[in-house]
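One letter stands for each residue in the lines below.
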Amino acid sequence: MKNIGVKMNPEKIKYTCPACKKEVEVEAFSNINVTLNPELKEKLFSGELFVHECPYCQAKSQVMYSFIYHDMVNKILISFGDEAEHVEELIQNLQSELSEEDFDLKQFMQEYRVRSVKNINDLFEKIYLFEAELDDRVIELCKLLILDNAKEEDLLKDEKILDIRYLPKEIMQSKGNITDDIIGMNIYCEGDKAFIRTIEIPFYDQTKNQIIDLVREKNLMDDLVIDQSWVEKILLK
């Protein structure tokens, strides 16, 4: 199967400037292909992609919009902002849009990591995970296990936990907490507190094998939205 991809020109969208209340037209990318447009990845992660200056009052605003993140090298396709059911339609339309007569949806879904997210931090986390060749389904289950254990920890049992996120290896290295046999997680708590917890690779591998067996017969589109709700619905029911 050939690599798919298309270099997109920016589209025009409109927003109302919160400072002067005038309508402003700006450029937006509905398809962020970081293989064909590598400069867009840096702008995405820095937030520059969504910051626009009003031509009337020079006030800067963050203007978020829906888009597709496409990495042809790492085979990642993530929809940001849209409902999950729209992703299936998008993938099925790729054949006609890209004129690929041999396009096979099942093969595509097996080769690519295809996801749908609505939160920008979820998008970044998925990208970090997939670039590290990690399975987000396993990571979401491990998050729940870590949070369950945190309730019994003297250090954490009285903390108000807000979120838990995968820690990329480079961040773990900067904190001096890296070995090749662990995966890092950051537990965010109220009061700007954060606590690092880890998963051992052998445990991750064992859990991954169990999850693959459980989801082997499921519809390919059941895995579009992978979060803790998915774990509770699919794995812990």
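Above this text you will find the structure in question.
Below: a short report on this structure. (Residues numbered from 1 in each chain as written. Predicted model: local features only at pLDDT ≥ 70, side-chain atom pairs only at ≥ 80, totals over all residues. Heavy atoms only, no water.)

### Notes on the packing of aromatic side chains
- This model, assessed by the stated rule, comprises 6 aromatic pairs.
- Aromatic rings pair up to connect Phe50, Tyr65, Phe67 and Phe80 into one cluster. (Phe/Tyr/Trp six-rings, centres within 6.5 Å; stacked < 30°, edge-to-face > 60°.)

### Some details on the pairing of strand 1 (residues 11-16)
- In this sheet, strand 2 (residues 23-28) lies alongside strand 1 in antiparallel orientation, the contact comprising 6 bridges. By the bridge assignment for strand 2, Lys14 is matched with Glu25.
- Linking two consecutive strands that pair antiparallel, namely strand 1 and strand 2, is a turn of 6 residues; a positive phi of about 70 degrees is found at Lys21 within it. (Pairing = 2+ DSSP bridges. Helix = DSSP H or I, 4+ residues; strand = E, 2+ residues; numbered from the N terminus.)

### A few points about the sheet that holds strand 9 (residues 161-167)
- An order of 9-10-11 is seen for the 3 strands of this open sheet, with the pairing classed as antiparallel. Here the strands that pair on one side only, and so sit at the sheet edges, are strand 9 and strand 11 (193-200). Strand-to-strand twist of the sheet, defined as the mean angle between neighbouring strand axes without regard to direction, takes the value 25 degrees.
- Against the sheet, helix 5 (residues 136-150) makes contact with strand 9, strand 10 (182-189) and strand 11, and its axis sits at roughly 135 degrees relative to strand 9, the strand it touches most.
- Sheet strands in contact with helix 7 (residues 201-215) are strand 10 and strand 11, and its direction is about 70 degrees off that of strand 11. (Axes fitted to C-alpha atoms, helices over the stretch in contact; angles between N-to-C directions. Contact = heavy atoms within 4.5 Å.)

### So, the environment of Asn74
- Looking at the element boundaries, Asn74 is found in the loop between strand 6 (67-71) and strand 7 (76-80).
- In contact with Asn74, not counting residues within four places along its chain, are Arg113 and Glu131.
- Here Asp71 takes part through its side chain, which lies 2.8 Å from a polar atom of the side chain of Asn74. (Polar contact = N/O pair within 3.5 Å; in protein donor to acceptor, adjacent residues only side chain to side chain.)

### Describing the environment of Pro202
- In this structure, Pro202 sits in helix 7.
- Through-space distance from the C-alpha of Pro202 to that of Asp181 is 7.7 Å; in sequence the pair is 21 residues apart.

### Section: the pattern of salt bridges
- Scanning the entire structure with this criterion turns up 16 salt bridges.
- The partner of Glu140 in a salt bridge is Lys143, and the shortest N-O contact between them spans 3.2 Å. In this pair, Glu140 and Lys143 both sit in helix 5, 3 residues apart, roughly one turn of the helix.
- Given a relative accessible area of 5%, Glu140 falls into the buried group.
- In this structure, the salt-bridge partner of Glu153 is Arg197, at a minimum N-O distance of 2.7 Å. One end of the pair, Glu153, is in the loop between helix 5 and strand 9; the other, Arg197, is in strand 11, and 44 residues separate them in sequence.
- Residue Glu153 is classed as partly exposed on the basis of its relative accessible area of 23%.
- When salt bridges with common partners are traced through the structure, they connect Asp122, Glu125, Glu140, Lys143, Asp163 and Arg165 into a single cluster. (Salt bridge = Lys/Arg side-chain N within 4 Å of Asp/Glu carboxyl O. Buried < 20%, exposed > 50% of the residue type's maximum accessible area, 1.4 Å probe, protein only.)

All we've got here are geometric facts, nothing functional implied.
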